[in-house]
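Topology and contacts: notes
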Amino acid sequence: MKMIIAIGGWINGHVAYFLDLLGLFILTLRETRHLFNRSRRRIFMVLFKRQLYNTGIKAIYINSLIAFFLGMIVAARVLVYIPQAANYANIYVIVVVRELGPLISGLILISRSATAITAEIGHLKLYDQFDVLHSQRVSAAFIFLLPVFYSFPISLLFMFIYFNFVTMISSWFFLSTFGDSSISMASFMEAILSQITMLEIMITSLKAIIGGSLIGIICIYFGSSVGERFTDISRAISKSTTSLLLMFFVINIGLSILAY
Amino acid sequence: MLELKDIRIQFENNIVFDDLSHCFDTSSITCIKTGVLDGGTSLLKCCAGIIKPALGSVSLDGRSIENINDQDIFNDINFCYESGGLVSIFTVYNNIALPMVYHGKYTEKEIRQRIKDIAKKLGIADLLQVEPHQLNDVHTRLANLTRALVISPKLLLVDELQAGMSPEMREAVLEVLTDYQKRDEFTLIMTTTAGDENSFADYRYKIFEQHLVETT
């Protein structure tokens, strides 16, 4: 009997969680109507650009470092089995463009930006600052949710592209230094780019749009669930990160299985 | 005119006001003396529509607060917090300007000028570009007041403005506030504590046994 109650409670909790996320998604769409108002659109653009900068531009260095080392490692491993650099392209697209690039970029977004947003929203909730906006009849969802919802997918897409580009450069560098030195960077990149089909572009874009939007909604959901205790913030960050990692892996692997 | 009718304000089992009915005259100044945890802030927040009464109704010029749309509430009613009242990720200037830009109340140039003028009169012009965590309590309340005076609502609710001020500062700030009140003819309701000045008020009350009792 206790097990049935526990299972029921678990299911109930998860159903409520998904319904809450759906509600937040609908709220986001509803708040989008404010963008038709010129003065509100101005506020949105300031916050949106700030978010893009924090999420995308400021992540360039960590993105570059990880992409650089990943390119080296993949090239090093592949070189053992495929000495000819020109044959490397297919492996590169399958491993990096389809899977590792999106996954690692998503992990960077989650660990850097989503956790920061959860902490920020949690702090605002803890100190009743949403009440302050409510007292001025300013929509908190418009100020905090909308910029994140729209900037995260765009940032993620650009991170994918940038990550793949840096990995390509570092792989070519490794292969031309330790393997086949006859291949130029231009022909190496052309070999890889010619392997990228419309399907890869579509699936990568979907991973960015769906993954990025959900990362934005989920991190804000957990931030706004903070109660009256300071420790609620760290708890929210922990739960948020766990949910985000699970969600992002499921989406990436799910889309890859469906498409490829 | 602000009218409270059969108001009950309750938090779980704690009833702070019960069966409270009162009218605040248009363009009048009312000071309500409060003690600790007697519901002064809750009363003001109820008048502002920030919290709902458990029973009863609040009306402004005959319209129930619950039925007034957000734009009109913003234009007509403003609440100044005793502590906080500012969003920590924005500067003081942006905290003041944001609601006005959001509601399209004035042009950016007008907003900038109004904020500059009032901040200068209240002595916080140098603090407009700092963040809320860099302000002390008094300056935080003055930032709240600056925002309210820039908006210039019909009803202004100010929670314990004078706490922590020196006598000179108190006199200067109250002079600015009453000058604006006379000029814009808004209704001002302010909570005060022991030692605060209230001689400028038209009506003076204190909170006693869940009601407002008139004092001299």
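Before going into details, it helps to say that this report is about the structure given with it. (Residues numbered from 1 in each chain as written. Chains lettered and ligands numbered in written order. Predicted model: local features only at pLDDT ≥ 70, side-chain atom pairs only at ≥ 80, totals over all residues. Heavy atoms only, no water.)

**Here we look at the packing of aromatic side chains**
Residue and element names in this part refer to chain A. Our working definition: Any pair of Phe, Tyr and Trp rings, taking the six-membered ring for Trp, is counted once the centres come within 6.5 Å. Such a pair is stacked with planes under 30 degrees apart, edge-to-face with planes over 60 apart, and tilted for the rest. A simple rule labels every residue: compare its accessible area, found with a 1.4 Å probe on the protein chains alone, to the largest value its type can have, and call it buried under 20%, exposed over 50%, or partly exposed in between.
With the rule as written, the count across this model stands at 13 aromatic pairs over all chains. Judged by centre distance (5.7 Å) and plane angle (75 degrees), the rings of phenylalanine 68 and phenylalanine 69 are edge-to-face. Classification of phenylalanine 68 as partly exposed rests on a relative accessible area of 34%. Look at tyrosine 221 and phenylalanine 222: their rings are 5.1 Å apart centre to centre, the planes differ by 80 degrees, and that puts the pair in the edge-to-face class. Judged by relative accessible area, phenylalanine 222 falls into the buried class, the value being 8%. An aromatic cluster is defined as three or more aromatic residues linked by ring pairs; in this entry it consists of Phe25, Phe44, Phe48, Phe149 and Tyr150.

**With respect to a negative patch on the surface**
Residues and elements named next belong to chain B. The test is simple: The residues that make up patches have over 30% relative accessible area and no salt bridge, and they are joined within 9 Å when like-charged or within 5 Å when they are Val, Leu, Ile, Met, Phe, Trp or Tyr. Using a 1.4 Å probe, the Shrake-Rupley method yields the accessible areas, and only the shown protein chains count as cover for residues. The term salt bridge refers to a side-chain nitrogen of Lys or Arg lying within 4 Å of a carboxyl oxygen of Asp or Glu. His residues and chain termini do not enter the charge count, which takes Lys and Arg as positive and Asp and Glu as negative. Taken as the charge centre is NZ of Lys, CZ of Arg, CG of Asp or CD of Glu, depending on the residue. Helix and strand assignments follow DSSP, with helices taken as H or I runs no shorter than four residues and strands as E runs no shorter than two, numbered in order from the N terminus.
A contiguous patch of negative charge on the surface is contributed by Glu168, Glu171, Glu175, Asp179 and Glu197. Looking at the element boundaries, glutamate 171 is found in helix H6 (residues 167-184). Judged by its relative accessible area of 58%, glutamate 171 is exposed.

**Here we look at the sheet that holds strand S2 (residues 14-24) of chain B**
Strand-to-strand pairing in sheets goes through backbone hydrogen bonds, with the strands running parallel or antiparallel. Residue and element names in this part refer to chain B. Let me state the cut-off plainly: We call two strands paired when DSSP finds no fewer than two bridges between them. Contact definition: two residues touch when any of their heavy atoms are within 4.5 Å. Working convention: axes come from line fits to C-alpha atoms, limited for helices to the stretch in contact. Angles between N-to-C directions cover 0 to 180 degrees.
The strand order across the open sheet formed by four strands is S2-S1-S4-S5, and the pairing between neighbours is antiparallel. Of all the strands in the sheet, the pair left with one neighbour each is S2 and strand S5 (63-64). Of the strand pairs in this sheet, strand S4 (residues 55-60) and S5 are connected by two bridges, and their pairing is antiparallel. Directly across from leucine 60, in S5, lies its bridge partner arginine 63. Against the sheet, helix H1 (residues 40-48) makes contact with strand S1 (2-11), S2 and S4, and its axis sits at roughly 125 degrees relative to S1, the strand it touches most.

**Concerning the environment of methionine 247 of chain A**
All names here are of chain A. Here methionine 247 shows up in helix H9 (residues 231-259). Taking relative accessible area as the criterion, methionine 247 reaches 13% and is therefore assigned buried. In this view, methionine 247 contacts Gly211, Leu214, Ile215 and Ile218; residues no more than four positions away in its chain are not counted.

**Let's talk about the interface of chain B and chain A**
To keep it simple, the criterion reads: Two parts placed together each lose some accessible area; with a 1.4 Å probe, that loss summed over both constitutes the buried area. Polar contacts here mean pairs of N or O atoms no more than 3.5 Å apart (in protein, one a potential hydrogen donor and the other a potential acceptor; neighbouring residues in sequence count only if both atoms are side-chain atoms). Note on residue classes: Ala, Val, Leu, Ile, Met, Phe, Trp, Tyr, Cys and Pro are nonpolar, Asp, Glu, Lys and Arg are charged, and everything else, Gly too, is polar.
Contacts between the two partners involve 25 residues from chain B, matched on the other side by 23 residues from chain A. For the pairing of chain B and chain A, the buried interface totals around 2000 Å² over both sides, and the portion due to carbon and sulfur atoms is 58%. On the chain B side of the contact with chain A, Val87, Ile89 and Tyr102 of chain B bury the most area, a combined 33% of that side's loss. One can count two salt bridges joining chain B with chain A. With its nearest N and O atoms 2.8 Å apart, the salt bridge here joins glutamate 108 of chain B to arginine 42 of chain A. Counting the contacts that link chain B with chain A gives twelve residue pairs in polar contact (both at pLDDT 80 or more). Breaking the side of chain B that touches chain A down by element, the ones donating at least two residues are helix H2 (70-76), strand S6 (77-80), helix H3 (92-103) and helix H5 (137-151) of chain B. Counting residues per element, the side of chain B that touches chain A draws most heavily on H3 of chain B, at five residues. When its residues are assigned to classes, the side of chain B that touches chain A shows 15 nonpolar, seven polar and three charged.

What is shown is where atoms sit, not what they do.
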